[in-house]
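Okay, here's what each chain looks like letter by letter:
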Amino acid sequence: NELPQRNEEHIHLMIGYVDDPENQTQFPLIIDFSKNQNLMSVGKTLSGKTTALETILYTMVTHYSPEDINYYILDFSSRMLNIFNYSPYCGGCWGEGEEKNIEKFFEMLNEIIAKRKKDFTKASVNSYEAYCSIQKIPMIFIFVDNIAGLSSWKKGEAIYYQLNMLIREANPVGIKFIITAGSI
């Protein structure tokens, strides 16, 4: 257990290990998602992007409860993340050929964003952290493995546009995106 001490205000997730050959050591790379907005990993094929997502998902399910974190997976790569679909934390896992389900998911996500914005306004707060000090709600993570995979879809451009709009609206209400790409 190499994560910092768990507390109610921070979601610390391990991304992987940093190799320090000069000092012949390795140490965990940990990100506090309560302070950071979103994460994007870019690298060539077989560089470890999906493995990093698996590490983050594993950290979630072993260090937090479903009351703290929920996640959804859009896997446009190898479908290796599908194993995390069977967790009580997961609201769904979709990939190529499931455009209708992804469109329904985006509609649901827009509804969650609208509800959280309304709840935040009613509570006179403007951030996820401030709202959680009044009423605990889970941080939601959207994993997108190989965002470039959308380019080959019939409706890929429309889905990509919707995804960009969601990314802009989601962060202030406690919804984070973790995305991989082969290039930008």
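Numbers given to residues run from 1 along each chain, matching the order in which its sequence is written. The predicted origin of the model limits local features to residues at a pLDDT of at least 70 and limits the giving and counting of side-chain atom pairs to 80 or more, whereas totals for whole chains, interfaces and linings rest on all residues. Values shown for side chains rest on all heavy atoms present in the structure; no hydrogens or waters enter the calculation.

Q: Now, about the overall build of the protein: what can you tell me, with residues and values included?
A: Comment: elements are numbered from the N terminus, with helices defined as DSSP H or I runs of at least four residues and strands as E runs of at least two. Each helix and strand counted, the protein has 4 helices and 7 strands in total. Going from N to C terminus, the protein has its helices and strands arranged as β-β-β-α-β-β-α-α-β-α-β. For the radius of gyration, the atom set is restricted to C-alpha positions; the globular benchmark scales as 2.2 Å times the number of residues to the power 0.38. Taking 2.2 N^0.38 as the reference for a compact globule, 184 residues should give roughly 16 Å; the C-alpha atoms of the protein span a radius of gyration of 17 Å, in line with that estimate. Across its three principal axes, the protein shows a C-alpha extent of roughly 55 × 45 × 30 Å.

Q: Requested: an account of the nonpolar core, with residues and values cited.
A: Within the largest apolar cluster, 53 residues are counted, with the highest numbers of intra-cluster contacts made by Tyr71, Leu74, Phe141, Ile142 and Phe143. Discounting residues that sit within four places of it in the chain, Leu74 has contacts with Trp94, Ile102, Phe105, Phe106, Ile142, Phe143, Val144, Asp145 and Leu163. By nonpolar core we mean a set of buried residues, namely Ala, Val, Leu, Ile, Met, Phe, Trp, Tyr and Cys, connected to one another through side-chain atoms within 4.5 Å. Throughout, exposure labels follow a simple rule: accessible area from a 1.4 Å probe, protein chains only, divided by the maximum for the residue type, with under 20% read as buried, over 50% as exposed, and the rest as partly exposed. Note on contacts: a residue pair is in contact if any heavy atoms of the two residues lie within 4.5 Å.

Q: How would you explain the sheet that holds strand 6 (residues 139–145) if you had to name every residue and give the values?
A: Backbone-to-backbone hydrogen bonds pair the strands of a sheet. The strands run either parallel or antiparallel. At least two DSSP bridges between two strands are needed for those strands to be called paired. Overall, parallel pairing links the 5 strands, which are arranged 3-7-6-4-5 in an open sheet. Among the strands making up the open sheet, the edge pair consists of strand 3 (39–42) and strand 5 (90–95). This sheet shows a mean twist of 10 degrees between the axes of neighbouring strands, independent of strand direction. Bridge count between strand 6 and strand 7 (residues 175–181): 5 bridges; the pairing is parallel. Opposite Ile142, over in strand 7, you have Phe177 as the bridge partner. Across the sheet, helix 1 (residues 49–63) is in contact with strand 3, strand 4 (69–75), strand 6 and strand 7; its angle to strand 6 comes to roughly 160 degrees. The convention used is that axes are lines fitted to C-alpha atoms, helices contributing only their stretch in contact, and that angles between N-to-C directions extend from 0 to 180 degrees. Across the face of the sheet, helix 2 (residues 99–122) comes into contact with strand 4, strand 5, strand 6 and strand 7 while running at roughly 150 degrees to strand 4.

Q: So what's going on with the state of the cysteines? Residues and values would help.
A: Note on terminology: a disulfide is the covalent bond linking the sulfur atoms of two cysteines. For the purposes of this analysis, a disulfide is any pair of cysteine sulfur atoms at a distance within 2.5 Å. Counting across every chain of the model gives 0 disulfides. The closest cysteine sulfur to the non-disulfide-bonded Cys90 is located on Cys93, 6.0 Å from its own sulfur.

Q: Tell me about the pattern of salt bridges, and name the residues and values.
A: Definition used for salt bridges: Asp or Glu carboxyl oxygen within 4 Å of a side-chain nitrogen of Lys or Arg. The final tally for this structure, using the stated rule, is 4 salt bridges. When the shortest N-O distance is used, the salt bridge between Lys136 and Asp68 registers 3.6 Å. With Lys136 in the loop between helix 3 (128–132) and strand 6 and Asp68 in the loop between helix 1 and strand 4, the pair connects residues that are 68 residues apart, well separated along the chain. Judged by relative accessible area, which is 32%, Lys136 ranks as partly exposed. Across the pair Glu98 and Arg79 runs a salt bridge whose closest N-O atoms are separated by 3.1 Å. You can see Glu98 sitting in the loop between strand 5 and helix 2 and its partner Arg79 sitting in the loop between strand 4 and strand 5, a full 19 residues away along the chain. Judged by its relative accessible area of 22%, Glu98 is partly exposed.

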